Amino acid sequence: MLGAEIDEAAQAIKALKAEKGADHADTKAAVAKMQALRGQRPKKEDKPKAEKASVQTASSYYDQRLAMVHELGSETGAYPHKFLVKFTLPAFRQTFAAECTKEGDFVMDKSVSVAGRIMSKRAASSKLQFITIQGDGGTLQVMSTLDAYGAAEEFAKIHARIKRGDVIGIVGYPGRSNTGELTILAAEIKLLSTCFHMLPDDHLGIKNVEQRFRQRYLDLIVNRKNAETFRARSKIINYIRHFFDSKDFTEVETPVLNMIPGGAAARPFVTHHNELNQRMYLRIAPELYLKKLVVGGLDRVYELGRQFRNEGIDLTHNPEFTSAEAYWAYQDHEDLMRMTEELLSGLAIHIHGTHTAKYAPKAVDGTPLPEQTFDFKPPFKRLYIIP
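Because the structure is predicted, anything quoted here is derived from the model rather than measured.

## A short note on the confidence of the model for the protein
Of all residues in the protein, 93% attain a pLDDT of 70 or more, and the chain-wide mean is 89. Taken element by element, the protein is modelled with least confidence in helix H3 (residues 49–53), mean pLDDT 46, and with most confidence in strand S6 (residues 250–251), mean pLDDT 98. Per-residue pLDDT stays below 50 along residues 46–55; that stretch engages in one contact with residues further than four places along the chain or on separate chains.

Here is the structure:
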């Protein structure tokens, strides 16, 4: 009944517009009448988008994934013993970027295998799937077609099982997609490890600073650039070790458990040695043991190791940290200053390719602070601290 009245009002408005125009009072009155009629319609309950998105809760997702792993365990095993990886993802790009140049063409006589974690998965059709995997600091597109896969049942089964976050192995052929993206055309996809939890959004990442540091593994999966910090640290440690080795220094390891904490003014961590029934301390510095080695005849000695200080925590202080400490007999402070200058300037070149290094610190809440630029170009400025 109400619908018929609305249709009649619409016809009346159409006639009035044609006869008197849209701005006439009668036309406007008819429009107001139709709006009033539409307002009498029963309103549908609008479900918020967040509510629709949360139909599958984290708990139900976990339960579904767990059930699938149990099912695979009874079939072929949820966690394969081994998967032969012939190329890391960066090595795949380096090897085939120049060899595969033609769009839509794949080298079908060269079978390769790669592995990585699924970061995105999209279906172009029931017979064509695109997957992006990441691993070893790189990413790669996987194109899976029914024609290349062969068995239709296995094709449907594997794509029903694998989800974002899973680790998979791919055997296939290198080439490029129709859009020119370097791709591996999958002939076989194997689920290697199931991800039981939904990953955070790939574009937004993890914004909560505390969660980033408490769940560092999740931070590295989602915020891929943060892994560069770990790689840079590894390069720094290797460079420092090579620097001292090239100057005929001997690397040593001194005790971490000390009976007397010395070598610095800091509060130590206290522990107990059960066998000796004795209180001991985690070292706050390796200085005393290194000096004893110099006395013993090791004229050039250094140690890269962990120190422990039971004190405050902030952006630049941690209760446990790595230090590099070196001693060089028959030299004075001027020699050690020159050596330090050489070490730091060479390290900057090794890491950044230039003497300048930029540092963008963040506050405790994650707010970016003003970017700082450090220049390690020698000679360094000398400050006299002893009158």
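Now, onward.
## A closer look at the packing of helix H10 (residues 227–246) against helix H12 (residues 333–352)
As a packed pair, H10 and H12 sit with axes 10 Å apart at the nearest point and diverge in direction by 140 degrees. Our classification of the angle between H10 and H12 gives oblique. In this structure, H10 meets H12 at a crossing whose hand is right-handed. Contact residues: H10 offers Ala232, Lys235, Ile236, Tyr239, Ile240, Phe243 and Phe244, while H12 offers Met339, Glu342, Leu343, Gly346, Leu347, His350 and Ile351. Within the contact of H10 with H12, the residues separate by chemical class into ten nonpolar, two polar and two charged.

## Looking at the packing of aromatic side chains
Applying the stated rule across the entire model yields ten aromatic pairs. Relative to phenylalanine 243, the ring of tyrosine 239 has its centre 6.5 Å away and its plane inclined at 25 degrees; by these criteria the two rings are stacked. Taken together, the residues span about one helical turn, with tyrosine 239 and phenylalanine 243 both in helix H10 at a distance of four residues. Since its relative accessible area comes to 17%, tyrosine 239 is described here as buried. Members of the aromatic cluster, connected to one another through ring pairs, are Tyr239, Phe243, Phe244, Phe249, Tyr302 and Trp328.

## With respect to the pairing of strand S3 (residues 138–145)
A regular strand places its side chains on the two faces of the sheet in alternate fashion. A large share of S3 lies buried, amounting to seven of its eight residues. In the sheet, strand S2 (residues 128–135) pairs with S3 via eight bridges, with the strands oriented antiparallel. Along S3, the bridge assignment pairs isoleucine 133 with leucine 140. Turn length for the S2-S3 hairpin, with the two strands adjacent in sequence and antiparallel, is two residues, and the turn residue aspartate 136 shows positive phi of about 55 degrees.

## Quick look at the sheet that holds strand S8 (residues 270–273)
Spatially, S7-S9-S8 is the arrangement adopted by the three strands of the open sheet, whose pairing is antiparallel. Where the open sheet ends on each side, the last strands, each with one partner, are strand S7 (257–258) and S8. Taken together, the two bridges between S7 and strand S9 (residues 278–282) define a ladder with antiparallel strand orientation. Bridging across to S9, leucine 257 finds its partner in leucine 282.

Reading guide: rules and limits
Residues numbered from 1 in each chain as written. Predicted model: local features only at pLDDT ≥ 70, side-chain atom pairs only at ≥ 80, totals over all residues. Heavy atoms only, no water. pLDDT = per-residue confidence, 0-100. Helix = DSSP H or I, 4+ residues; strand = E, 2+ residues; numbered from the N terminus. Contact = heavy atoms within 4.5 Å. Axes fitted to C-alpha atoms, helices over the stretch in contact; angles between N-to-C directions. Parallel < 35°, antiparallel > 145°, perpendicular 65-115°, else oblique. Left-handed = near helix turned anticlockwise from the far one by under 90°. Nonpolar A, V, L, I, M, F, W, Y, C, P; charged D, E, K, R; others polar. Phe/Tyr/Trp six-rings, centres within 6.5 Å; stacked < 30°, edge-to-face > 60°. Buried < 20%, exposed > 50% of the residue type's maximum accessible area, 1.4 Å probe, protein only. Pairing = 2+ DSSP bridges.

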